[in-house]
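Coordinate inspection notes
Spelled out, the chains give:
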Amino acid sequence: MNPPLSEPVALKPVDRTHRAVLSNLGQLFRHDLSQWYGLLPNDDGTFNDRQLDHFLTGADPERRAFLITVAGRTAGYVMTAPAEGGGTSITAFFVVRALRRTGVGRTAAILTVGRFPGRWRIGFQRYNPGVEAFWSGVATAVVGDKWEINDGARPESRPPDTFITFTTEGSSSPDEVGAVGGRST
């Protein structure tokens, strides 16, 4: 079996008209998280997706979503929102399984950060294998060793989120960071 193409990676801004594709990808994302969060589907077989619901209502224009594409094909999505304390946060990040460990996720994360220079606060769960190394690698690629990791408050229902924080400088237009060819390591 030939692996799918993993380049070029691009971010495609989406809006509420992309409801179906975001909803479908959101179900895959929530299914992936069900192992770590102990989520079960609703009676109709679907998972709730609050991040997607918040975006689709359009109530907060600061919430943004992008389809991650590879060679023009849908590969996942990323959602951003204002971070607690200022700056930007990635609130949802999903790459389809066929493209994991190919550099697509790393490139998409770097492209996302490049769109919004300034302070970043990205939450993740340490109990999800590989995620800390992933986000640490992204932060290092963007700002070198000028990032920090801290655990958040412990919710009653699951282990705490961990946050990586850093600040980028300069300004990048979306056109400058829209597509990247070449595989990231």
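Anyway, here's the lowdown on the structure attached to this text. Just so you know, these numbers come straight off a predicted model, no measurement behind them.

Here we look at the pattern of salt bridges
- Under the counting rule described, the total for this entry stands at three salt bridges.
- Between Glu132 and Arg126 there is a salt bridge, with its nearest N and O atoms 3.0 Å apart.
- Overall, the relative accessible area of 39% leaves Arg126 in the partly exposed class.
- Sharing partners across several salt bridges, the network here consists of Arg126, Glu132 and Asp151.

Observations concerning the environment of Leu111
- Structurally, Leu111 can be placed in helix α3 (residues 104-115).
- With a relative accessible area of 3%, Leu111 lands in the buried category.
- Each C-alpha atom of the pair Leu111 and Ile68 lies 9.9 Å from the other, and the pair is 43 residues apart in sequence.

Section: the side chain of Ser89
- With respect to the secondary-structure elements, Ser89 resides in strand β4 (residues 88-95).
- Overall, the relative accessible area of 12% leaves Ser89 in the buried class.
- Among the polar contacts listed, one links the side chain of Ser89 to the backbone oxygen of Arg121, at a separation of 2.8 Å.
- In this view, Ser89 contacts Met79, Thr80, Ala81, Pro82, Ala83, Trp120, Arg121 and Ile122; residues no more than four positions away in its chain are not counted.

Remarks on the nonpolar core
- If you look at the biggest cluster of nonpolar residues, it comprises 27 residues, and the most contacted ones within it are Ile68, Phe93 and Trp135.
- Every element with two or more residues in this core is listed here: β1 (9-14), β2 (64-70), β3 (73-82), β4, α3, β5 (119-124), α4 (131-143) and β7 (162-167).
- Leu22, Phe55, Leu56 and Tyr77 belong to the second largest nonpolar core, which has 14 residues in total.

Quick notes on the packing of aromatic side chains
- Under the counting rule described, the total for this entry stands at six aromatic pairs.
- Centroid distance Phe93 to Phe134: 5.7 Å. Interplanar angle 40°. Geometry classified as tilted. Here Phe134 lies in helix α4 and Phe93 lies in strand β4, a separation of 41 residues in the sequence.
- One aromatic cluster in this structure is built from Phe66, Phe116 and Trp120.
- Here Arg121 stacks its cationic end above the ring of Phe163, 3.6 Å away from the centre of that ring.

Considerations on α4
- Taking 1.5 Å per residue, 13 residues should reach 18 Å; α4 reaches 18 Å between its end C-alpha atoms and fits that length.
- Close packing links the buried residues of α4 with β4, α3, β5, β6 (147-151) and β7.
- At the exit of α4 stands Gly144, carrying a positive phi of roughly 70°.

Scoring rules and cut-offs
- Residues numbered from 1 in each chain as written.
- Predicted model: local features only at pLDDT ≥ 70, side-chain atom pairs only at ≥ 80, totals over all residues.
- Heavy atoms only, no water.
- Salt bridge = Lys/Arg side-chain N within 4 Å of Asp/Glu carboxyl O.
- Buried < 20%, exposed > 50% of the residue type's maximum accessible area, 1.4 Å probe, protein only.
- Helix = DSSP H or I, 4+ residues; strand = E, 2+ residues; numbered from the N terminus.
- Polar contact = N/O pair within 3.5 Å; in protein donor to acceptor, adjacent residues only side chain to side chain.
- Contact = heavy atoms within 4.5 Å.
- Core = buried A, V, L, I, M, F, W, Y, C linked by side-chain atoms within 4.5 Å.
- Phe/Tyr/Trp six-rings, centres within 6.5 Å; stacked < 30°, edge-to-face > 60°.
- Lys NZ or Arg CZ within 6 Å of the ring centre and 35° of its normal.
- Expected span 1.5 Å × (residues − 1).

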